[in-house]
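The lines below spell out each chain.
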Amino acid sequence: MLAHLPPMSHALEVSVVIPCKNEKDNLAFLIDEVGSALAGRPFELIIVDDGSDDGTDQLLQAYSIERPWLRHIRHEKSCGQSNAVRTGLLHAQGEFIATLDGDGQNDPAFFPQMIDALKAGGPDHALAAGQRMKRTDGFVKKYGSRLANSIRQSLLKDNTRDSGCGLKVIRRQVFLNLPFFEAWHRFLPALVVREGLKVVHIDVIDRGRSHGTSKYGIFDRLWVGILDLLGVYWLRKRRKKIPVIKEISLTDQNGPET
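First things first, this report covers the structure right here in the doc. Just so it is clear, the model here is predicted, and its values are computed rather than measured. Per chain, the residues get numbers from 1 upward, laid out in the order the sequence is written. Side-chain atom pairs in this predicted model are given and counted only at pLDDT of 80 or more, local residue features only at pLDDT of at least 70, and totals for whole chains, interfaces and linings cover all residues. Each side-chain value is derived from all of the structure's non-hydrogen atoms; neither hydrogens nor water enter the calculation.

Some points on the packing of aromatic side chains
Consideration 1: Put simply, two rings from Phe, Tyr or Trp (the six-membered ring, in Trp's case) pair if the centres are within 6.5 Å, and we call them stacked under 30 degrees between planes, edge-to-face over 60, tilted for the rest. Taken as a whole, this structure holds 4 aromatic pairs when the rule is applied.
Consideration 2: Aromatic pair Phe 43 and Trp 69: ring centres 5.0 Å apart, planes at 40 degrees, arrangement tilted. With a gap of 26 residues between them, Phe 43 in strand β2 (residues 43–50) and Trp 69 in the loop between α2 (56–64) and β3 (70–75) connect regions that are remote in the sequence.
Consideration 3: Note on Phe 181 and Phe 187: the rings are 6.3 Å apart at their centroids and 45 degrees apart in plane angle, and the pair reads as tilted.
Consideration 4: With relative accessibility at 2%, the residue Phe 187 sits in the buried group. The numbering of helices and of strands both runs from the N terminus, where a helix is a DSSP run of H or I of at least 4 residues and a strand a run of E of at least 2. Burial classes follow relative accessibility: with a 1.4 Å probe on protein chains only, a residue under 20% of its type's maximum area counts as buried, one over 50% as exposed, and anything between as partly exposed.

This is how it looks when you write it as structure tokens:
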């Protein structure tokens, strides 16, 4: 599949990827929030419809008529959020990949700040990760997430308070080089640090869900993701050295011509 990747478009600064399953009512306002947040910037919005059966396809068809930056990619059957994120990445053409959940709880208004933070940091700053303030989730999910993040941080040491926040911006080429596995999007800070690159943390506002209920399992509960956590810990430990690479030209090798 990688051999058939679309080339990065120099005209596109950012590709926004939203994985979703049966989130038609939330997409109805989220799509235009993305458009407003990135107005004036060259961007595309890729909705990865993970086997929805609630009329999401009709909504996207209608919206795309007046929004040429909107793209609809569909999984015939639901393959899970991780695969939906990866599908969006493999079809994206922007220099940066911005992700958010399709439930409307992530506010895309933070994207410009996150993109600008990566640009200001330079090429070694690969990921801007949202950190949710004043979580709106229920007691069980909120405190389960807090426990899971505490254990994750003690093992992975990625200096990230809230790895599960859907608001992230990452350099496309870095994202393509990261190992794929189920729930990889939850471990992006640790995987980026593993590459010797830096993470910028941005405080963001968590919103309540306007419509529907969660369509994917609640990863934030510790035991669901324990195998993934141990797997990423192993990956971190197996990366012993990060080479410093420099291309040597013939002029450098032979010295200046006389």
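Notes on the sheet that holds strand β1 (residues 14–20)
Consideration 1: At least two DSSP bridges between two strands are needed for those strands to be called paired. The strand order across the open sheet built from 7 strands is β3-β2-β1-β4-β6-β5-β7, with neighbouring strands paired in mixed fashion. Pairing within the sheet leaves two strands with one partner each, and these edge strands are β3 and β7 (198–205). If you compare each strand with its neighbour and ignore which way they point, the axes differ by 20 degrees on average.
Consideration 2: Strands in contact with α2 are β2 and β3; relative to β3, the strand with the most contacts, it is inclined by about 160 degrees. To obtain each axis, a line is fitted to C-alpha atoms, and for helices this fit is confined to the stretch in contact; angles are then taken between N-to-C directions over 0 to 180 degrees. Contacts are residue-level and defined by heavy atoms, with any inter-residue pair within 4.5 Å sufficient.

Observations concerning the pattern of salt bridges
Consideration 1: Think of a salt bridge as a Lys or Arg side-chain nitrogen and an Asp or Glu carboxyl oxygen that are within 4 Å of each other. Applying the stated rule across the entire model yields 12 salt bridges.
Consideration 2: Between Lys 119 and Glu 13 there is a salt bridge, with its nearest N and O atoms 2.2 Å apart. Remark: Glu 13 occurs in the segment before β1 and Lys 119 occurs in helix α4 (residues 111–121); sequence separation between them is 106 residues.
Consideration 3: Residue Lys 119 is classed as partly exposed on the basis of its relative accessible area, which comes to 44%.
Consideration 4: Exposure remark for Glu 13: the relative accessible area of 9% places this residue in the buried category.
Consideration 5: Salt-bridge contacts for Asp 116 lead to Arg 41; the nearest nitrogen and oxygen are separated by 3.1 Å. Note that Asp 116 is positioned in helix α4 and Arg 41 in the loop between α1 (24–37) and β2, a separation of 75 residues in sequence.
Consideration 6: Asp 116 gets classed as partly exposed once you look at its relative accessible area, which sits at 37%.
Consideration 7: What makes Arg 41 partly exposed here is its relative accessible area of 21%.
Consideration 8: Taken together, the salt bridges that share partners define one network made up of Glu 13, Arg 41, Asp 116 and Lys 119.

Regarding the environment of Asp 206
Consideration 1: Here Asp 206 lies in the loop between β7 and α8 (226–238).
Consideration 2: Given the relative accessible area of 6%, Asp 206 is considered buried.

Focus on the nonpolar core
Consideration 1: Side-chain atoms within 4.5 Å link the members of a nonpolar core, which is a set of buried Ala, Val, Leu, Ile, Met, Phe, Trp, Tyr and Cys residues. Formed by 32 residues in total, the largest nonpolar core has its most connected members in Val 16, Ile 18, Leu 45, Ile 47, Phe 111 and Val 169.
Consideration 2: In terms of residue count, α4 provides more of this core than any other element does, 5 residues in total.
Consideration 3: Filtering out sequence-adjacent residues up to four positions away, Ile 47 remains in contact with Ile 18, Cys 20, Leu 27, Ile 31, Leu 60, Leu 70, Arg 71, His 72 and Ile 73.
Consideration 4: Among the nonpolar cores identified, the runner-up in size contains 30 residues, and Val 48, Ile 97, Leu 156 and Phe 175 belong to it.

Section: the side chain of Ser 52
Consideration 1: Its location among the elements puts Ser 52 in the loop between β2 and α2.
Consideration 2: Given the relative accessible area of 6%, Ser 52 is considered buried.
Consideration 3: Only 2.7 Å separates the side chain of Ser 52 from the backbone nitrogen of Asn 22, close enough to count as a polar contact. Polar contacts, as counted here, are pairs of nitrogen or oxygen atoms within 3.5 Å of one another; within protein the pair requires one atom able to donate a hydrogen and one able to accept it, and residues that are adjacent in sequence qualify only if both atoms are side-chain atoms.

Some points on the pairing of strand β5 (residues 125–133)
Consideration 1: In terms of burial, β5 is largely enclosed, as 8 of its 9 residues are buried.
Consideration 2: Pairing analysis gives 3 bridges linking β5 to strand β6 (residues 168–171), with the strands arranged antiparallel. Residue pairing across strands places Ala 128 opposite Val 169, the latter belonging to β6.

Focus on the packing of α1 against α2
Consideration 1: For the pair α1 and α2, the least separation of the axes is 10 Å and the interaxial angle reads 20 degrees. On the basis of their axis angle, the class for α1 and α2 is roughly parallel. Two packed elements cross with a definite hand, and for α1 against α2 that hand is right-handed. Mapping the contact onto sequence places Lys 24, Leu 27, Ala 28, Ile 31 and Asp 32 in α1 and Thr 56, Leu 59, Leu 60 and Tyr 63 in α2. Oblique is the label for any angle not under 35 degrees, not over 145, and not in the 65 to 115 range, which are roughly parallel, roughly antiparallel and roughly perpendicular in turn. Throughout, a crossing is termed right-handed when the near helix is turned clockwise from the far one, and left-handed when it is turned anticlockwise from it by less than a right angle.

Re the pairing of β1
Look at any regular strand and the pattern is simple: side chains alternate between the two faces of the sheet.
Consideration 1: Where burial is concerned, most of β1 is hidden: 7 out of the 7 residues are buried.
Consideration 2: In β1, alternate side chains face the same way, and those of Val 14, Val 16, Ile 18 and Cys 20 on one face and Ser 15, Val 17 and Pro 19 on the other are all buried.
Consideration 3: One ladder, built from 7 bridges, connects β1 with β2; its direction is parallel. Note that in β2 the partner of Val 17 across the bridge is Ile 46.
Consideration 4: By convention, orient the strands away from the viewer: a clockwise path from the first strand over the helix to the second makes the crossover right-handed. This β-α-β element, β1 to α1 to β2, shows right-handed connectivity.
Consideration 5: Looking at chain direction, β1 and strand β4 (residues 96–99) are connected through 4 bridges and run parallel. Counted as the bridge partner of Val 14 is Phe 96 from β4.

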